[in-house]
Amino acid sequence: MSTQKSRFILPMEKTNSVLLIFTGGTISMGENPNTQSLAPLDTEQVLSFIPELKMLNINIASVSFHPLIDSSDITPDSWVQIAEVIQEHYNQFDGFVVLHGTDTMAFSAAALSFMLDGLSKPVIFTGSQLPVGVLRSDAKENLITAIELAAAKHENGDAMVPEVSLFFEDKLMRGNRTTKRNTEEFNAFASFNYPELAKTGVHIKYYQHNIHRETVAQPLSINTHFDNNIVVLKIFPGITANTVKSILNIPGLRGVVLETFGSGNAPCAEWFYELLKEATEKGIVIVNISQCRAGSVEMGRYETSVNLLKAGVISGYDLTMEAATTKLMFLLGKYDDTNEVKQLMTTSLKGELIR
Ligand code: ASP
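The structure displayed is predicted, hence computed values, not measured ones. (Residues numbered from 1 in each chain as written. Predicted model: local features only at pLDDT ≥ 70, side-chain atom pairs only at ≥ 80, totals over all residues. Heavy atoms only, no water.)

**Section: the environment of I204**
Residue position: I204 is located in strand β14 (residues 204–206). The exposure class of I204 is partly exposed, given its relative accessible area of 31%. Here the alpha-carbon distance between I204 and D170, two residues 34 residues apart in the chain, equals 9.2 Å. Discounting chain neighbours no more than four positions away, the residues touching I204 are L149, A198 and K199. (Helix = DSSP H or I, 4+ residues; strand = E, 2+ residues; numbered from the N terminus. Buried < 20%, exposed > 50% of the residue type's maximum accessible area, 1.4 Å probe, protein only. Contact = heavy atoms within 4.5 Å.)

As structure tokens, this is what we get:
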């Protein structure tokens, strides 16, 4: 996969500039009038459906994945590609909008938040539930507003939202807090454990106290290593020792996101405890997150999570599954030392968790 540059609107007397990064997804699709099936459009075609963009007082340029992909095909390599495009063009633009399929957008937004250090400009993910080329599509509103948000600045020139975020329907949310919550509604994303960064209606309301800013000003740098030797293990009543044993013994396994019940509870069965303990003693990092979408893990609150603590499982607090998996891959890619991974896993790096 490569990226291809294409300019859309040439600089006029416009003050701010935004780079669109097309990766694919429904937002970049149109209906083939002959077959009625959905197929990817090229960048120029997508933008031609939104002539209103010319009315914005913003210079817009674009870079596109080639070919555009459905977000089910996104991999850590795609995240590296997005990060490299941002780094390459960082000084030329005030903000970046990533057009992405909705299915894995929350993973990509979380991954990018961990990859980009020293970020002082907005990186906003958006997409749509209906293709840009069909009537009633939500693509137009989502894209226009995301571009406005990416270009927005304070009077002193600082970006309004200098973090990786996700805009959908009427909410700007911290990227690493989001989850795709609905396959059909336009209100497709939610941030269950963290309030919105901005809300759009007649006016755009920014909630300044919710917005993350890097405390030390430093040049942008990107981390590009991920170790995907991890697994998500979702427990259920009746799960067998055989299943858990085979998963924890996957050759090369380095990390497990353990999705437990309620506030972090799991069966008290001795075999379960023994298998987890054996795995952590081998150096596998096991992070406990909740199957509930809102709220936090509180290990030790019930007897059913005391064993997890004793087995060396660490708390993922209120991390989403998307943030937990991308953060674990990111930390395992960056550090060999398991203790360092565990320590950082339970520390907020980019506002992704509250202890
Ligand atoms: N399958 C599409 C994707 O994630 C769905 C979408 O964009 O809404 O690429």
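**A look at the side chain of N223**
Tracing the sequence through the fold places N223 in the loop between β15 (221–222) and β16 (230–234). With relative accessibility at 15%, the residue N223 sits in the buried group. For N223, the side chain forms a polar contact with the side chain of D117, separated by 3.1 Å. What N223 contacts, discounting residues up to four positions off in sequence, is F114, M115, D117, F330 and K334. (Polar contact = N/O pair within 3.5 Å; in protein donor to acceptor, adjacent residues only side chain to side chain.)

**Here we look at the packing of helix α8 (residues 321–334) against helix α9 (residues 338–345)**
Relative to each other, α8 and α9 sit at 145°, their axes nearing to 10 Å. As for how α8 packs across α9, the hand of that crossing is right-handed. From α8, A324, K327, L328, L331 and L332 reach across to α9, where they touch V341, L344 and M345. Partitioning the contact of α8 with α9 into residue classes produces 7 nonpolar, no polar and 1 charged. (Axes fitted to C-alpha atoms, helices over the stretch in contact; angles between N-to-C directions. Left-handed = near helix turned anticlockwise from the far one by under 90°. Nonpolar A, V, L, I, M, F, W, Y, C, P; charged D, E, K, R; others polar.)

**Details of the nonpolar core**
A general feature of soluble globular proteins is that nonpolar side chains tend to end up buried together. Counting residues in each nonpolar core, the largest one holds 91 residues, and the members touching the most others are L20, I86, L112, L116 and I147. Excluding its chain neighbours within four sequence positions, the residues that come into contact with I86 are I21, F96, L112, L116, V123 and L220. In terms of nonpolar packing, the next biggest core, distinct from the first, is built from 22 residues, V231, L233, F272 and L308 among them. (Core = buried A, V, L, I, M, F, W, Y, C linked by side-chain atoms within 4.5 Å.)

On their own, these measurements won't tell you what the molecule is for.
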